[in-house]
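Remarks on the overall topology
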Amino acid sequence: LGANLLVAVSKFIGYAVSGSAAMLNESIHSVVDCTNQVLLLVGNRQARKAASDIHPFGQARAKYFYSTIVAMMLFFGGGALGIMEATQKLFHPEHTVENTWLVMGILLAGIIIESFSLRVAFKEISHLNTARLPLPRFLRESRHSEILIIFAEDTCAVVGLLLAMGGTMLSHVTGNSIYDALSGVLIGMLLCLAALFLARELYSLLIGESATEKDQMVIRRAFDRKPVSRLINLKTVHLGPDDLL
């Protein structure tokens, strides 16, 4: 959260001195990232609340609720707002990009910081992916909403910064600011696509997903003993990433 706050401030300074549409989109993206972290921290705190008469199984699924808010309101909102801002400049290409090298320096620093964050996400995925599933399958089957959010967030951040660098450099070389505006539109579209992917995954988690195939095999083996003649049926549901009913 602290790193994202610093990146957001630096990007807004970059936008103020350059007028770059891509830099404005990246500034919005960093504010979105900061808000994401705050909401995920709130969700973690809610999920740790003890069971009560109203919530006899606790509130572990609060993580899924807050992750859904992050995915739809922030990712999609940030993406749509970014597209609107960049589209205005796309149809008014007379806007200029100033202080190009300062902008490039800020974007490069952002790439370095976000790459470290993405590396942490990959390390967490490696820790959780005990079955060594391919990355796309792990993301689809994971019951950990935070890792989905963070992976999508950090991937979008790195790709978005590369797009912004490309648009800024092309605008500088060609003298045509349309490339800067176009890169801003692409960054917004990237956030919207991430939102749709997350919405699909988080909807399933919020409704209630069963245990993974690996966990169900472990549970079924527990009944493979003499007093039990056969297992008639097994129904499971995740109350949270680490809570299984």
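Predicted model, so just to flag it, every value in this text is computed and none were measured.

**Brief notes about the overall build of the protein chain**
Scanning the protein chain for helices and strands turns up 8 helices and 2 strands. Going from N to C terminus, the protein chain has its helices and strands arranged as α-α-α-α-α-α-α-α-β-β. Along the longest, intermediate and shortest principal axes, the C-alpha atoms of the protein chain span 80 × 35 × 30 Å. Taking as baseline every contact in the protein chain between residues at least 6 positions apart, the subset at least 24 positions apart corresponds to 76%.

**Regarding the confidence of the model for the protein chain**
Per-residue confidence for the protein chain averages 86 on the pLDDT scale, and 98% of its residues sit at or above 70. Mean pLDDT values for the elements of the protein chain range from 82 in helix α1 (residues 2–18) up to 92 in helix α8 (residues 213–222).

**What about the pattern of salt bridges?**
In total, this model carries 4 salt bridges according to the counting rule given. Linking Glu146 and Lys63 is a salt bridge whose minimum nitrogen-to-oxygen distance equals 3.0 Å. Note that Glu146 is positioned in helix α6 (residues 145–174) and Lys63 in helix α3 (residues 62–90), a separation of 83 residues in sequence. A residue is classified by how much of its surface remains accessible, and Glu146, at 15% relative accessible area, is buried. Assessed through its relative accessible area of 18%, Lys63 is described here as buried. A salt bridge links Glu209 to Arg143; the nearest nitrogen and oxygen atoms lie 3.2 Å apart. Here Glu209 is found in the loop between α7 (178–207) and α8, whereas its partner Arg143 is found in the loop between α5 (135–141) and α6, with 66 residues between them in sequence. A single burial state applies to Glu209 and to Arg143, both of which are buried.

**Concerning the packing of α6 against α7**
At a closest axis distance of 8 Å, the pairing of α6 and α7 adopts a crossing angle of 170°. With respect to their mutual orientation, α6 and α7 come out roughly antiparallel. Class assignment for the residues of the contact of α6 with α7 results in 17 nonpolar, 7 polar and 2 charged.

**A word on the side chain of Lys11**
Note that Lys11 resides in helix α1. On the basis of relative accessible area, Lys11 is assigned to the buried category, the value being 2%. Look past the residues within four positions of Lys11 in its chain and what remains in contact with it is Met23, Glu26, Ser27, Ser30, Ile106 and Leu161.

**Description of the environment of Phe57**
Within the element layout of this structure, Phe57 appears in the loop between α2 (21–47) and α3. Sequence separation of Phe57 and Asp243 is 186 residues, and the distance between their C-alpha atoms is 9.0 Å.

**A look at the environment of Leu231**
For Leu231, the position within the fold is in the loop between α8 and β1 (238–240). A C-alpha to C-alpha distance of 7.7 Å links Leu231 and Arg220, two positions 11 residues apart in sequence. Once you skip the residues sitting within four places of it in the chain, Leu231 turns out to touch Arg220 and Phe223.

**Describing the side chain of His144**
Here His144 shows up in the loop between α5 and α6. Residues within four places of His144 in sequence aside, it is in contact with Leu128, Pro241 and Asp242.

What counts, and where the lines are drawn
- Residues numbered from 1 in each chain as written.
- Predicted model: local features only at pLDDT ≥ 70, side-chain atom pairs only at ≥ 80, totals over all residues.
- Heavy atoms only, no water.
- Helix = DSSP H or I, 4+ residues; strand = E, 2+ residues; numbered from the N terminus.
- Contact = heavy atoms within 4.5 Å.
- pLDDT = per-residue confidence, 0-100.
- Salt bridge = Lys/Arg side-chain N within 4 Å of Asp/Glu carboxyl O.
- Buried < 20%, exposed > 50% of the residue type's maximum accessible area, 1.4 Å probe, protein only.
- Axes fitted to C-alpha atoms, helices over the stretch in contact; angles between N-to-C directions.
- Parallel < 35°, antiparallel > 145°, perpendicular 65-115°, else oblique.
- Nonpolar A, V, L, I, M, F, W, Y, C, P; charged D, E, K, R; others polar.

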